[in-house]
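Each chain is listed here by its residues.
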Amino acid sequence: MARKTLTPREDREVFVVPLDVRPEHIDANGHVNNVVYVGWLQDAGTAHWNARFDEATRAKWSWVATRHEIDYLRGIEPGAEGVVARTWVGDPQGPRFTRYVRIEDAQGRVCAQGVTEWVLVDAATLRPQRIPPDMLTVFETPTSAD
């Protein structure tokens, strides 16, 4: 059973990643293959991380995806343009972060949505590490100063 359309929290930044629909993404049913969506979930999360953290931080920390859940709502056809992934994070729980992703077509219709559980690990040891509070603030919506 499909869940309700995922909606970002007002206190979270929504990061947008343009997606290319390539010929090799199309399956025998004439639309983007399910496996491609899993890749897009990972690509969106990785792009958000890379855009918000410097090289030194990315060298110290890494993320491991431990679970993906996807709802397929509308097929994306060959040659589709303007497809994007919108992603944001939930609340940290120890070393875990839930990341939400909506895949939308050029008309803004949700074609698929997913939830991925990511675990923060020390890049050298690959051991899980509690998410530092200052890391969360990077993913928050900036507030305007009055």
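Here the structure is a predicted model, which means the values were calculated and not measured.

This part takes up the sheet that holds strand 2 (residues 61-72). The strand order across the open sheet formed by 5 strands is 1-3-4-5-2, and the pairing between neighbours is antiparallel. Two strands close off the open sheet at either side, each with one partner strand: strand 1 (15-18) and strand 2. Neighbour to neighbour, the strand axes of the sheet diverge by 25 degrees on average, direction disregarded. In terms of strand pairing, strand 3 (residues 84-89) meets strand 4 (residues 96-104) through 6 bridges, oriented antiparallel. What sits directly across from Ala85, in strand 4, is Ile103. Running over the sheet, helix 1 (residues 34-52) touches strand 1, strand 2, strand 3, strand 4 and strand 5 (110-122) and is turned about 140 degrees from strand 2.

What follows covers unusual backbone geometry. Unlike most non-glycine residues, Leu126 shows phi in positive territory, near 65 degrees. Along the chain, Leu126 falls in the loop between strand 5 and helix 3 (133-138).

A separate point is the nonpolar core. In terms of nonpolar packing, the biggest core is built from 18 residues, with Leu19, Val32, Tyr37, Trp40, Ile76, Ala85 and Ile103 touching the most fellow members. For this core, the secondary structure elements donating two or more residues are strand 1, helix 1, strand 4 and strand 5. The residues contacting Leu19, other than those within four sequence positions of it, are Trp40, Val83, Val84, Ala85 and Ile103. In this structure, Trp63, Ile131, Leu136 and Phe139 belong to the second largest nonpolar core, which totals 12 residues.

Roughly 170 Å³ of internal volume is contained in the largest pocket. Along the walls of the largest pocket sit Gly45, Thr46, Trp49, Arg58, Trp61, Ser62, Trp63, Val89, Phe97, Arg99, Trp118 and Phe139, which together make up its complete lining. At the level of secondary structure, the elements contributing two or more residues to the lining of the largest pocket comprise helix 1, strand 2 and strand 4. Residue composition of the lining of the largest pocket, grouped by class: 7 nonpolar, 3 polar and 2 charged.

On to helix 1, then. If you check helix 1, its first and last C-alpha atoms are 28 Å apart, about what 19 residues at 1.5 Å a residue would give, namely 27 Å. Taken together, the buried positions of helix 1 are occupied by Val36, Tyr37, Trp40, Leu41, Ala44, Gly45, His48 and Trp49.

The rules behind these values
Residues numbered from 1 in each chain as written. Predicted model: local features only at pLDDT ≥ 70, side-chain atom pairs only at ≥ 80, totals over all residues. Heavy atoms only, no water. Pairing = 2+ DSSP bridges. Helix = DSSP H or I, 4+ residues; strand = E, 2+ residues; numbered from the N terminus. Axes fitted to C-alpha atoms, helices over the stretch in contact; angles between N-to-C directions. Contact = heavy atoms within 4.5 Å. Core = buried A, V, L, I, M, F, W, Y, C linked by side-chain atoms within 4.5 Å. Buried < 20%, exposed > 50% of the residue type's maximum accessible area, 1.4 Å probe, protein only. 1 Å grid on protein atoms, 1.4 Å probe; cavity = no way out; pocket = protein on both sides within 12 Å on 5 of 7 lines; lining within 4 Å. Points joined across faces, edges and corners; volume = space filled by probe spheres on them. Nonpolar A, V, L, I, M, F, W, Y, C, P; charged D, E, K, R; others polar. Expected span 1.5 Å × (residues − 1).

Limitation: the analysis is restricted to geometry and does not speak to function.
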